[in-house]
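Letter by letter, the chains look like this.
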Amino acid sequence: MNNFIPDIYQKSIYHINYDKLLDDGIKCILFDLDNTCAPYKDSEPNKRLIELFETLKDMGFKLVIFSNAPKRRIYPYKKVLNVDCLARAKKPIKKSFLKIIKLFNYDLSEVAIVGDQLYKDILGGNRVGITTILVNPMSQNDMILTTLIFRNLEKIKYKQLAKKGILIRGKYYD
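From a predicted model like this one, the values you see are computed outputs, not experimental measurements.

Glancing now at unusual backbone geometry. Looking along the chain, the bond that leaves Lys-91 and enters Pro-92 is cis, with omega of 15°. Inspection of the secondary structure puts Pro-92 in the loop between β4 (84–86) and α4 (94–103). Its identity as a non-glycine residue notwithstanding, Lys-90 has a phi of 60°, on the positive side. By secondary structure assignment, the location of Lys-90 is in the loop between β4 and α4. Judged by relative accessible area, Lys-90 falls into the exposed class, the value being 55%.

Laid out in structure tokens, this is it:
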């Protein structure tokens, strides 16, 4: 059950306290793409996302788009945002998380993942031992597999966690 509990839960990527992350020693942030940084149907980053990523880079963060989506999906974001990326990351498998961490030479304590899915982003990050940040999905539109399987599993997990008073939707924390 603990593998599904994020270290931080915020409404969106625009509500995260990035200064606190810096103070906590985070140097690299892995961002899920679909419904975390952009709605699933958007094909390129909007102005608000571009500005956020520029601000975060100016703060000294290494930013990586870390997505299960194919290269063709994330390439427009990589190009416009000027960040590194890993397509087809196979989250929640540990191997991809560890590959990125090793590639950029970070300690586990220096890396955070931001995502909208308990079963991919949060489970994967917690299994590896990095800081996990859950945000609400930006849109109700998802890939069909995500909708049919993962979102339904998440509903069950959210109910279990809420029943124990651990993770309640809309009750945000740092």
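Looking now at the environment of Lys-155. By the secondary structure assignment, Lys-155 is in helix α6 (residues 144–163). Note: C-alpha distance between Lys-155 and Leu-118 (37 residues apart in sequence) is 9.9 Å.

It is worth spelling out the nonpolar core at this point. Residues Ile-13, Tyr-18, Leu-21, Ile-29 and Phe-31 are the most contacted members of the largest nonpolar core, which totals 29 residues. For this core, the elements supplying multiple residues, two or more each, are α1 (18–23), β2 (28–31), α2 (47–58), β3 (62–66), α3 (71–81), β5 (111–115) and β6 (131–135). Residues contacting Ile-13, with those up to four places away along its chain left out, are Tyr-18, Phe-31, Thr-36, Cys-37, Leu-49, Leu-52, Val-114 and Val-135. Counting residues in hydrophobic clusters, the runner-up holds 14 residues, among them Cys-28, Val-64, Ile-100 and Ile-101.

Under the definition given, this model contains six aromatic pairs. With a centroid separation of 4.7 Å and 55° between ring planes, the pair formed by Phe-4 and Tyr-119 is classed as tilted. In this pair, Phe-4 sits in the segment before β1 (8–10) while Tyr-119 sits in helix α5 (residues 118–128), placing the two residues 115 residues apart along the sequence. Neither residue differs from the other here; Phe-4 and Tyr-119 are each classed as buried. Aromatic rings pair up to connect Tyr-9, Tyr-172 and Tyr-173 into one cluster.

With that out of the way, let us pick up the sheet that holds β2. Pairing is parallel in the open sheet, where six strands are placed in the order β1-β6-β5-β2-β3-β4. If you trace the sheet from one side to the other, it starts and ends with β1 and β4, each paired once. Direction aside, the axes of adjacent strands within the sheet are offset by 25° on average. Across four bridges, β5 lies against β6 in parallel orientation. Within β6, the position partnered with Ile-113 by the bridge is Thr-132. Helix-sheet contacts for α4 involve β2, β3, β4 and β5, and the interaxial angle to β3 is about 155°.

In total, this model carries zero disulfides according to the counting rule given. The closest cysteine sulfur to the non-disulfide-bonded Cys-28 is located on Cys-85, 13 Å from its own sulfur. Residue Cys-28 is classed as buried on the basis of its relative accessible area, which comes to 1%. The thiol of Cys-37 is unpaired, and the distance to the nearest cysteine sulfur, on Cys-85, comes to 12 Å.

Taken together, the buried positions of α3 are occupied by Arg-73, Ile-74, Tyr-77 and Leu-81. All buried residues of α3 lie within an arc of 65° about the axis, which places them on one face of the element. In α3, the exposed positions that point more than 90 degrees away from the buried face belong to Lys-71, Arg-72 and Lys-79. Packing partners of the buried residues in α3 comprise α2, β3 and β4.

Calculation notes
- Residues numbered from 1 in each chain as written.
- Predicted model: local features only at pLDDT ≥ 70, side-chain atom pairs only at ≥ 80, totals over all residues.
- Heavy atoms only, no water.
- Helix = DSSP H or I, 4+ residues; strand = E, 2+ residues; numbered from the N terminus.
- Buried < 20%, exposed > 50% of the residue type's maximum accessible area, 1.4 Å probe, protein only.
- Core = buried A, V, L, I, M, F, W, Y, C linked by side-chain atoms within 4.5 Å.
- Contact = heavy atoms within 4.5 Å.
- Phe/Tyr/Trp six-rings, centres within 6.5 Å; stacked < 30°, edge-to-face > 60°.
- Pairing = 2+ DSSP bridges.
- Axes fitted to C-alpha atoms, helices over the stretch in contact; angles between N-to-C directions.
- Disulfide = S-S within 2.5 Å.
- Arc of directions from axis to C-beta.

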